[in-house]
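# Understanding the architecture of this molecule
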Protein chains: 2
Amino acid sequence: MTFIPTGKHLIAGDWVEGDGSFRSQPAHGPAYDFTRGTPALVDRACRVAEEAFWTYGYSTREARALFLEAIADEIEARGADITEIGTQETGLPAARLEGERGRTTGQLRLFASHIRDGAYLDRRHDGALPQRTPTRPDIRLIQRPIGPVAVFGASNFPLAFSAAGGDTASALAAGCPVVVKGHPAHPGAGEIVAQAIDAAIKRCGMPAGVFSLVQDGGREVGRAVVEHPLIRAVGFTGSLGGGRALFDLCARRPEPIPFFGELGSVNPMFLLPEAVAARGTAIAQGWASSLTMGAGQFCTNPGIAVVLKDQADGIAEAARAALAEVAPQVMLTDGIARAFRAGRDRIAAGSAVREVLTSMCDQRRATPTLFRVSATDWLGNHALAEEVFGPLGILVEADSPEQMVEVARSLEGQLTATLHHDAGDLDLARRLMPVLERKAGRVLANGYPTGVEVCDAMVHGGPYPASTNFGATSVGTMAIRRFLRPVSYQNLPEALLPEDLR
Amino acid sequence: MTFIPTGKHLIAGDWVEGDGSFRSQPAHGPAYDFTRGTPALVDRACRVAEEAFWTYGYSTREARALFLEAIADEIEARGADITEIGTQETGLPAARLEGERGRTTGQLRLFASHIRDGAYLDRRHDGALPQRTPTRPDIRLIQRPIGPVAVFGASNFPLAFSAAGGDTASALAAGCPVVVKGHPAHPGAGEIVAQAIDAAIKRCGMPAGVFSLVQDGGREVGRAVVEHPLIRAVGFTGSLGGGRALFDLCARRPEPIPFFGELGSVNPMFLLPEAVAARGTAIAQGWASSLTMGAGQFCTNPGIAVVLKDQADGIAEAARAALAEVAPQVMLTDGIARAFRAGRDRIAAGSAVREVLTSMCDQRRATPTLFRVSATDWLGNHALAEEVFGPLGILVEADSPEQMVEVARSLEGQLTATLHHDAGDLDLARRLMPVLERKAGRVLANGYPTGVEVCDAMVHGGPYPASTNFGATSVGTMAIRRFLRPVSYQNLPEALLPEDLR
């Protein structure tokens with residue numbers, strides 16, 4: 001291994017020390033000391049970001065596209081080191097880190113081509129009508145970047161939703177400088193990715209303040225980030241509790257700003273009777289596989305499957321058998337394993353909840369858990385509808401198709417909702433669809449919600465608490481909209497228009 | 001006059017009584033009693049709106065377009081009565097009410113053609129890639145209506161931003177039922193417009209719950225509207241204090257919802273030296289005219305003009321002379337006149353503020369006021385940058401072009417910012433532009449911000465406190481975006497896709 005973290009923060013091209021230190025808690029391999037972020041570092045990072053905006057916000061789309069591609073190149077150049085420190089810190093397997101690296105560089109390159117295309121600028125022009133009474137002036141519209149954006153690294157995506165992840169890529173593509181608050185679960189991965197971005201900044205001659213990384217420093221650092229008057233929007237992926245607290249801080253600012261948080265989802269699947277009759281075992285096996293991918297630590301983990309009562313035994317047994325085969329998996333942090341045990345015990349304590357498969361969960365490793373509960377009991381206990389982050393599934397047994405619809409209606413906002421259906425299920429599917437599309441950002445048929453394609457048509461968002469802004473997505477090209485605002489230009493001469501409007 | 005208000009509320013096609021009553025306070029003509037809105041009426045209206053959504057949210061675009069056009073027709077059929085009660089209640093002249101009626105019906109018809117066109121649906125399709133590893137599913141995206149929307153009537157636009165105004169038109173166009181909280185300044189105009197909508201609902205066979213009007217009932221009614229769990233978004237135009245309080249309530253809900261508020265703006269104009277030298281008198285006269293239109297009660301009223309110190313005398317004198325000619329104008333309500341007097345006295349009390357023209361303002365009529373102040377003093381006193389609703393202008397005298405830029409940088413968010421420039425001013429204009437486009441939703445050259453064109457390229461919004469969502473506009477076709485959310489459909493069969501995606 002060639003990469004040894006310095007434990008420093010990147011502020012406008014300078015690697016600086018923070019105040020005090022924390023030690024990384026790798027799943028395996030050496031632990032390192034990192035200096036702690038501070039509100040003073042956050043302030044410096046925001047100020048240089050604001051300064052950088054006056055040039056970066058007016059850079060050409062081609063210059064930004066080349067910059068995004070350079071970041072992707074620099075990440076690839078550090079690929080082996082990133083995988084090594086990333087696997088050590090998170091316990092995720094190397095193949096996952098490599099796949100996630102590909103997703104991360106793919107996102108950066110996708111946004112490069114997206115801004116080259118220019119359709120995202122949403123240019124509009126209402127020409128002057130000098131003969132009309134009253135006369136109409138010439139009015140043009142374009143989407144402009146909003147200014148410095150804060151991004152919180154996510155525990156479960158050390159690459160794709162952290163220093164150079166989807167939030168950073170879409171903000172930089174829009175023309176917004178970024179201040180990242182690193183996640184303490186993978187500070188080394190954060191640092192090496194920041195080194196890659198730093199190298200790309202220098203290679204492309206971008207203003208140094210366009211990217212800063214402040215490592216974790218506890219609650220007051222997170223608070224300093226969202227309350228900083230120069231920050232115009234926040235991108236966040238994390239827990240409901242932590243995310244809501246930051247959302248509330250954003251809303252209470254003297255000048256409120258949007259908080260794009262992705263907080264929690266149980267991603268229900270509805271297993272319709274004909275589909276279950278035709279291929280129930282395969283559906284249950286697919287569920288088990290989706291449920292345990294990455295130790296169940298995905299936002300789109302399908303934590304709940306709803307099935308008719310008289311078909312539940314078969315699904316439960318097939319899922320149990322498949323889940324029982326899954327070896328213990330390392331969880332991202334000791335804290336996440338602890339929260340998983342607490343969540344599992346909370347579900348198990350629910351009245352009339354039956355444990356089909358009991359998990360092992362020690363300090364940091366877990367095997368899957370499977371529960372069964374009647375839809376009536378599930379409907380009566382809101383705690384059973386709350387996300388448990390980890391490999392945990394609940395089979396909800398409905399008395400009737402009507403009760404399946406009732407379960408759907410009772411759901412809170414979700415990132416995804418899935419239908420498993422066959423031709424004979426169409427009537428029931430048609431009754432569920434209008435309900436599910438109001439509840440979820442993405443509706444799937446005959447598939448599993450894990451695996452979020454990065455493309456134009458993706459929505460990774462949804463009604464609260466899936467996300468704090470149901471109009472936005474954090475995955476896919478539409479994610480850039482979060483960091484743009486429309487501006488009208490009335491009767492302005494060519495020389496004063498933004499370059500993209502000329 | 002044929003229209004005598006019943007004083008009732010419209011809930012799902014029924015005209016019902018509220019609790020207690022209030023008396024309208026017309027500027028002239030008879031006063032009427034109106035029953036007060038209550039939280040219970042709000043609850044009924046929201047429930048029927050939610051029920052209506054299950055059909056209205058799935059209506060065809062053509063059906064909704066015909067409905068919007070029917071509302072416009074029904075408003076026109078009541079044109080004379082609307083003008084009569086509207087002029088009585090608001091004190092605005094008949095020509096203004098007629099113009100505003102045209103704007104209102106024009107907006108309804110514009111949204112009809114906008115949804116017929118369908119580009120607003122933002123349809124996207126990433127086709128399946130079965131050969132890729134991993135395979136890519138078929139993913140389609142479309143914008144869907146969000147559900148019931150609440151709209152607060154605005155004091156200063158009894159038609160264009162009230163019962164059937166821009167917020168209602170864009171929400172109905174999107175497919176969202178609307179609950180309007182009427183403004184107490186024009187309850188009669190609200191009632192007759194609600195009658196027009198009611199007639200259109202019946203004519204078009206729309207679900208009755210698609211529109212309800214609850215008349216004012218004090219703070220608890222406003223609170224009940226924004227806190228109702230079935231409401232998905234709020235449209236509001238009004239004061240900073242009242243709007244911020246409602247925004248805060250929305251953000252604190254268990255499930256926060258977007259609050260699209262348009263709160264306050266001083267709409268600065270920058271008078272650059274060459275333009276002033278060439279046509280300072282005309283600019284000042286235009287300012288006076290824009291400043292006193294509708295007794296200065298426009299969101300886009302240009303309350304501040306910034307000029308170089310050595311050119312200030314000429315502008316001040318020309319503006320004073322023009323403003324002195326303006327006869328007393330009736331203000332919208334006694335309360336607004338009172339607030340105008342208080343705002344005027346607050347500005348007058350600012351240190352080093354000089355009164356150029358003193359206004360008369362009795363119980364409800366006012367003449368314009370003009371102040372002068374040095375940019376240094378203006379920069380040192382934040383109160384001078386706060387909106388005073390009414391015919392009041394402040395001429396801010398900058399020592400230098402640099403100080404003009406400093407004034408621009410110090411501004412809070414604005415609906416508009418205006419440059420008056422000539423060819424020789426281009427360098428200074430180029431320095432101001434990047435600052436102004438960050439501060440305002442619309443930047444104008446050589447014009448006046450009053451008069452907001454309803455078109456595709458309009459942005460009537462801006463950074464806080466101009467609006468609470470800098471990404472949104474409340475005027476123009478883009479206003480529909482506020483009431484839509486993107487949904488992805490993955491591998492869904494044609495039969496289960498929304499009609500507009502098939």
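This report concerns the structure included in the present document. The shown structure was predicted, so the numbers you read here are calculated from the model rather than taken from an experiment.

Turning to the overall build of chain A, a few remarks are in order. Helix and strand content of chain A: 14 helices and 21 strands. Computed over its C-alpha atoms, the radius of gyration of chain A comes to 24 Å, within 12% of the 23 Å expected for a compact globule of 502 residues. Projected onto the principal axes, the alpha-carbon positions of chain A cover approximately 70 × 70 × 40 Å. Out of the 502 residues belonging to chain A, those deemed buried represent 64%. By sequence separation, contacts in chain A at least 24 residues apart represent 76% of the contacts at least 6 residues apart. Split by element, the accessible area of chain A, about 16,400 Å² in all, is 51% carbon and sulfur. Between the mean site of the 49 positive side-chain charges and the mean site of the 56 negative ones, chain A shows a separation of 4 Å.

The tally for this structure, following the rule as stated, stands at 69 salt bridges over all chains. The salt bridge involving D334(B) is made with R364(B); its shortest N-O contact spans 3.9 Å. Of this pair, D334(B) sits in helix α11 (residues 334–348) while R364(B) sits in the loop between β15 (354–357) and β16 (365–366); the two residues are 30 residues apart in sequence, bridging distant segments of the chain. Exposure class is identical for D334(B) and R364(B). Each is buried. The network of salt bridges with common partners includes D73(A), E74(A), E76(A), R78(A), R109(A) and R203(A).

Quick look at the relation of the copies chain B and chain A now. Placing chain B over chain A gives an RMSD of 0.0 Å and needs a rotation angle of 180°, together with 0.0 Å of translation along the axis. Put plainly, the chains are arranged around a two-fold axis. Among all C-alpha atoms of chain B, that of A251(B) lies closest to the rotation axis, at 3.2 Å. Both copies present the same face, since 100% of the interface residues in chain B are matched by interface residues at the equivalent positions in chain A.

The next subject is the nonpolar core. Judged by nonpolar contacts, the single largest core of 212 residues is most densely connected at F211(A), F270(A), F211(B) and F270(B). Look past the residues within four positions of F270(A) in its chain and what remains in contact with it is V306(A), M404(A), V407(A), A408(A), L411(A), T418(A), L419(A), H420(A), L432(A) and L436(A). Counting 54 residues, the second largest nonpolar core, distinct from the first, contains A45(A), A224(A), C250(B) and A251(B).

This brings us to the sheet that holds strand β21 (residues 484–490) of chain A. Overall, mixed pairing links the 10 strands, which are arranged β5(A)-β6(A)-β21(A)-β20(B)-β19(B)-β12(B)-β13(B)-β18(B)-β17(B)-β15(B) in an open sheet. Strands at the two margins of the open sheet, each flanked by one partner only, are β5 (124–126) of chain A together with β15 of chain B. Adjacent strand axes in the sheet meet at a mean angle of 20°, parallel and antiparallel pairs treated alike. Pairing geometry for β21(A) and strand β20 (residues 440–445) of chain B, over three bridges, is parallel. Across the sheet, S488(A) pairs through a bridge with R442(B), a residue of β20(B). The sheet contacts of helix α10 (residues 312–324) of chain B involve β12 (269–271), β13 (304–308), β15, β17 (369–374) and β18 (392–398) of chain B, and relative to β17(B) the element is tilted by about 165°.

Between two packed helices, what matters for the description is the angle formed by their axes and the separation of those axes. Residues and elements named next belong to chain B. In contact at an axis separation of 9 Å, helix α2 (residues 61–77) and helix α5 (residues 166–174) are set at 155° when each is read in the N-to-C sense. In terms of orientation, α2 lies roughly antiparallel with respect to α5. Taken as a pair, α2 and α5 cross one another with a handedness that is right-handed. Counted together, R64, F67, L68 and I71 of α2 and A169, L172, A173 and A174 of α5 form the full contact between these two elements.

Read from one edge to the other, the open sheet built from 10 strands follows the order β15(A)-β17(A)-β18(A)-β13(A)-β12(A)-β19(A)-β20(A)-β21(B)-β6(B)-β5(B), with strand pairing classed as mixed. Two strands in the sheet have a free side with no partner beyond their single neighbour: β15 (354–357) of chain A together with β5 (124–126) of chain B. When strand polarity is set aside, the average angle formed by the axes of neighbouring strands in this sheet is 20°. Packing of helix α13 (residues 401–410) of chain A onto the sheet brings it into contact with β12 (269–271), β13 (304–308) and β18 (392–398) of chain A, and relative to β13(A) it is tilted by some 160°.

Moving on to the interface of chain B and chain A. Counting residues at the interface gives 73 residues for chain B and 73 residues for chain A. Taken over both partners, the interface formed by chain B and chain A buries close to 6,200 Å², and the fraction arising from carbon and sulfur atoms is 55%. Where chain B touches chain A, the interface holds eight salt bridges. The tally of links between chain B and chain A comes to 45 residue pairs in polar contact (both at pLDDT 80 or more). Counting only elements with at least two residues in the side of chain B that touches chain A, the list comes to α1 (39–56), β5, β6 (139–145), α8 (240–252), α14 (426–439), β20 and β21 (484–490) of chain B. Considering each element in turn, the side of chain B that touches chain A owes the most residues, eight residues, to α14(B). Residues belonging to the side of chain B that touches chain A are distributed by class as follows: 40 nonpolar, 10 polar and 23 charged.

Apart from glycine, the bulk of residues carry a negative phi angle, and the bulk of peptide bonds sit in the trans form. Residues and elements named next belong to chain A. With an omega of -10°, the peptide bond between T133 and P134 qualifies as cis. Secondary-structure assignment places P134 in the loop between β5 and β6 (139–145). Cis geometry is adopted by the peptide bond preceding P465, which originates at Y464 and carries an omega value of 5°. Its place among the elements puts P465 in the loop between β20 (440–445) and β21.

Residue and element names in this part refer to chain B. With the rule as written, the count across this model stands at zero disulfides over all chains. The thiol of C361 is unpaired, and the distance to the nearest cysteine sulfur, on C299, comes to 19 Å. Look at C361 and you get buried, because its relative accessible area is 13%.

Further remarks concern the side chain of N156(B). All names here are of chain B. Its place among the elements puts N156 in the loop between β7 (149–152) and α5. Within the structure, N156 has its side chain in polar contact with the backbone oxygen of Q297 (distance 3.1 Å). For N156, the residues in contact, after removing those within four places along its chain, are R96, E100, Q297, F298, C299, L332 and F389.

Bringing the packing of aromatic side chains into the picture now. Under the definition given, this model contains 20 aromatic pairs over all chains. Where F236(A) meets F259(A), the ring centres are 5.5 Å apart and the plane angle is 35°; that geometry is what we call tilted. With F236(A) in strand β10 (residues 233–237) and F259(A) in strand β11 (residues 259–262), this pair connects stretches of sequence that are 23 residues apart. A relative accessible area of 2% places F259(A) in the buried class. With a centroid separation of 5.7 Å and an interplanar angle of 70°, the aromatic rings of F157(B) and F161(B) are classed as edge-to-face. The ring of F260(A) carries R482(A) above its face, with NZ or CZ at 5.8 Å from the centroid. The aromatic ring of F157(B) is capped on one face by R96(B), whose charged end is 4.9 Å from the ring centroid.

This part covers the side chain of D334(B). All names here are of chain B. Looking at D334, the relative accessible area reads 16%, which means it is buried. Polar contacts involving the side chain of D334 include one to the side chain of Q363, which spans 2.7 Å. Those residues in contact with D334, other than ones at most four positions away along the chain, are Q363 and R364.

All names here are of chain B. Between its terminal C-alpha atoms α11 stretches 21 Å, which fits the 21 Å expected from 15 residues at 1.5 Å a residue. Every buried residue of α11 is listed here: D334, I336, A337, F340, G343, R344 and I347. If you follow the buried residues of α11, they end up packed against β16, β17 and β18.

Residue and element names in this part refer to chain B. As for its placement among the helices and strands, P184 is situated in the loop between β8 (178–181) and α6 (187–204). Of the residues examined, P184 reaches a relative accessible area of 33% and is grouped as partly exposed. Sequence separation between P184 and G217 is 33 residues, and the spatial gap between their C-alpha atoms is 8.5 Å. Beyond its immediate sequence surroundings of up to four residues, P184 is in contact with F22 and D216.

The buried fraction of β20(B) is high, at six of six residues. Read from strand β19 (residues 414–420) of chain B through α14(B) to β20(B), the crossover connection turns out right-handed.

Residue and element names in this part refer to chain B. Here strand β9 (residues 211–214) shows no split at all, with F211 and L213 on one side and S212 and V214 on the other all buried. Examined bridge by bridge, β8 and β9 share four bridges and lie parallel to one another. Along β9, the bridge assignment pairs V180 with L213. One crossover worth recording links β8 to the parallel β9 by way of α6, and it is right-handed.

Reading the values: the criteria
- Residues numbered from 1 in each chain as written.
- Chains lettered and ligands numbered in written order.
- Predicted model: local features only at pLDDT ≥ 70, side-chain atom pairs only at ≥ 80, totals over all residues.
- Heavy atoms only, no water.
- Helix = DSSP H or I, 4+ residues; strand = E, 2+ residues; numbered from the N terminus.
- Rg over C-alpha atoms; globule rule 2.2 N^0.38 Å.
- Buried < 20%, exposed > 50% of the residue type's maximum accessible area, 1.4 Å probe, protein only.
- Contact = heavy atoms within 4.5 Å.
- Areas by Shrake-Rupley, 256 points an atom, 1.4 Å probe, with all protein chains shown as cover.
- Lys, Arg positive; Asp, Glu negative; His and termini not counted.
- Charge placed at Lys NZ, Arg CZ, Asp CG, Glu CD.
- Salt bridge = Lys/Arg side-chain N within 4 Å of Asp/Glu carboxyl O.
- Least-squares fit on C-alpha atoms with pLDDT ≥ 70 in both.
- Core = buried A, V, L, I, M, F, W, Y, C linked by side-chain atoms within 4.5 Å.
- Pairing = 2+ DSSP bridges.
- Axes fitted to C-alpha atoms, helices over the stretch in contact; angles between N-to-C directions.
- Parallel < 35°, antiparallel > 145°, perpendicular 65-115°, else oblique.
- Left-handed = near helix turned anticlockwise from the far one by under 90°.
- Buried area = accessible area lost by both parts, 1.4 Å probe.
- Polar contact = N/O pair within 3.5 Å; in protein donor to acceptor, adjacent residues only side chain to side chain.
- Nonpolar A, V, L, I, M, F, W, Y, C, P; charged D, E, K, R; others polar.
- Disulfide = S-S within 2.5 Å.
- Phe/Tyr/Trp six-rings, centres within 6.5 Å; stacked < 30°, edge-to-face > 60°.
- Lys NZ or Arg CZ within 6 Å of the ring centre and 35° of its normal.
- Expected span 1.5 Å × (residues − 1).
- Right-handed = clockwise from strand over helix to strand, strands pointing away.

From the geometry alone we can't say anything about function, so treat these as descriptive.
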